[in-house]
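Below, each chain spelled out in residue letters.
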Amino acid sequence: MSRETVSHEEDGVIYEFTPELEAVRTVAPGTELTIETIDSLDGEIQENEDLLARIPDEINAATGPIAVEGAQPGDVLKVDIEAVRVAEDRGRVLTTPGFGLLQDDEDVEAPFTQITPVEGDEIRYGDLSVPIDPCIGTIGVAPAEETFSTLVPHDHGGNLDTNEMTTGTTAYFPVSQTGGMLAMGDSKAAMADGEMCGTGAEIATDIDLTVELISDPEFDLQRPLVDTGDYWKTVASAETMEAASKLAHKDAMALLSAEHGFDATESHTFGSLVGGLEISQVVDPLVTVKNAIPSEYVSSPF
């Protein structure tokens, strides 16, 4: 089967995940795709002298959306991420006034830009090198009711800034609208957990993936889920770290209960032995938290 390409240039992008999304492409389950994405700032930042004075109204362009034949509310989209490749010769990391973990810190300059040239399998930050480890910052499906900017993470996915959305992992998303409507972009050449300054090394990418449909699943998926091979990671976003942590933990409890027949108290206490809360990002309008359960304790819930 030949791989189909969906391009930000040829097919289009979205800047909002809405319940009424219209597909730029419809594919059958099992279709192999290459998704071509532009960097989160639409190519506007190319030199250190290019500064971002404010967060644009349109940011984090997400290529798509792509409808999957047969997908209906209650189903699950399974996205096998086979490769994320940088597709330009530079990334960019920056600060913006009023944005980021230290947005009010008088010692941190904003706006500020550092171009990170690509050199082989590394990017350069001045005289320092950082291994390229690309991930997809924004990835999700059409939400159930509300409309969300591509800057915002929520139950549909969106701007999760979760570095497990990368080569070799499988992501699962709950379907809320016919077709699912998968879209993605906002990739990073490198990004630390937390994304403290508000960006990673923002960069264009080509993403190879296969999209599958899980119809009428036994497990009731409420939010994105990632299988890294070693861990199942629940991913949850909320207004506070505590609220996001509770959602991620309750989702992990549901996985453990489905696997082992635990009641809520048992899954809560066992999860406290084997799970691990991790931070995806603390800078977007909502914060995103992961809970990692080793795969030896959870097989596929689907």
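Everything discussed here concerns the structure shown above.
Calculation rules
Residues numbered from 1 in each chain as written. Predicted model: local features only at pLDDT ≥ 70, side-chain atom pairs only at ≥ 80, totals over all residues. Heavy atoms only, no water. Helix = DSSP H or I, 4+ residues; strand = E, 2+ residues; numbered from the N terminus. Buried < 20%, exposed > 50% of the residue type's maximum accessible area, 1.4 Å probe, protein only. Contact = heavy atoms within 4.5 Å. Phe/Tyr/Trp six-rings, centres within 6.5 Å; stacked < 30°, edge-to-face > 60°. Lys NZ or Arg CZ within 6 Å of the ring centre and 35° of its normal. Pairing = 2+ DSSP bridges. Expected span 1.5 Å × (residues − 1). Patch = residues over 30% accessible without salt bridge, like charges linked within 9 Å, V, L, I, M, F, W, Y side chains within 5 Å. Areas by Shrake-Rupley, 256 points an atom, 1.4 Å probe, with all protein chains shown as cover. Salt bridge = Lys/Arg side-chain N within 4 Å of Asp/Glu carboxyl O. Polar contact = N/O pair within 3.5 Å; in protein donor to acceptor, adjacent residues only side chain to side chain.

A. Representation of the side chain of T166. Secondary-structure assignment places T166 in the loop between β15 (157-158) and β16 (169-174). Residue classification places T166 among the buried positions, given a relative accessible area of 12%. Each residue touching T166, except ones within four places of it in the same chain, is listed here: I81, V84, D133, P134 and C135.

B. Geometry of the packing of aromatic side chains. For the structure on display, the rule yields five aromatic pairs. Here F270 and Y297 contribute two aromatic rings whose centre-to-centre distance is 5.4 Å and whose plane-to-plane angle is 80 degrees, an arrangement assigned as edge-to-face. One end of the pair, F270, is in helix α2 (residues 264-274); the other, Y297, is in the segment after β22 (287-294), and 27 residues separate them in sequence. The partly exposed category is assigned to Y297, whose relative accessible area is 26%. Sitting above the plane of the Y231 ring, K233 keeps its charged end 5.6 Å from the centroid.

C. Up close: the pairing of strand β11 (residues 128-131). Inspection of the sheet shows strand β10 (residues 122-125) paired to β11 by four bridges, in the antiparallel sense. Its bridge partner lying in β11, R124 is registered against S129. Where β10 folds back on β11, the antiparallel hairpin that results is connected by two residues, among which G126 adopts a positive phi of roughly 60 degrees.

D. Local environment of unusual backbone geometry. Of note, the bond from G64 into P65 is cis; its omega dihedral lies within 30 degrees of zero at 5 degrees. Its place among the elements puts P65 in strand β6 (residues 62-68). In this structure, P111 follows A110 across a cis peptide bond, with omega equal to 5 degrees. Even without being a glycine, D42 presents a positive backbone phi close to 55 degrees. If you trace the backbone, D42 turns up in the loop between β5 (31-37) and β6. Exposure remark for D42: the relative accessible area of 28% places this residue in the partly exposed category. You will see that E195, though not glycine, has its phi angle at about 45 degrees, which is positive. Mapped onto the elements of the fold, E195 is located in the loop between β17 (182-188) and β18 (205-214).

E. Structural detail: helix α1 (residues 241-260). Across its 20 residues, α1 extends 28 Å between first and last C-alpha, which sits within 8% of the 28 Å expected from 1.5 Å per residue. Taken as a whole, α1 has its buried residues at A244, S245, A248, H249, D251, A252, M253, L255 and L256. Buried residues along α1 sit against β19 (225-227), β20 (231-238), α2, β21 (277-281) and β22. At the exit of α1 stands G261, carrying a positive phi of roughly 75 degrees.

F. Broad picture of a nonpolar patch on the surface. A contiguous nonpolar patch, built from L101, L102, V108 and M196 and spanning about 340 Å² of accessible area, is present on the exposed surface. Residue placement: L102 occurs in the loop between β8 (90-95) and β9 (112-119). With relative accessibility at 48%, the residue L102 sits in the partly exposed group.

G. Focus on the side chain of Q281. Considering the arrangement of structural elements, one finds Q281 in strand β21. Here Q281 falls in the buried class, since its relative accessible area comes to 0%. Of note is the side chain of Q281, whose polar atom sits 2.9 Å from the backbone nitrogen of V283. A distance of 2.6 Å separates a polar atom in the side chain of Q281 from the backbone oxygen of L286.

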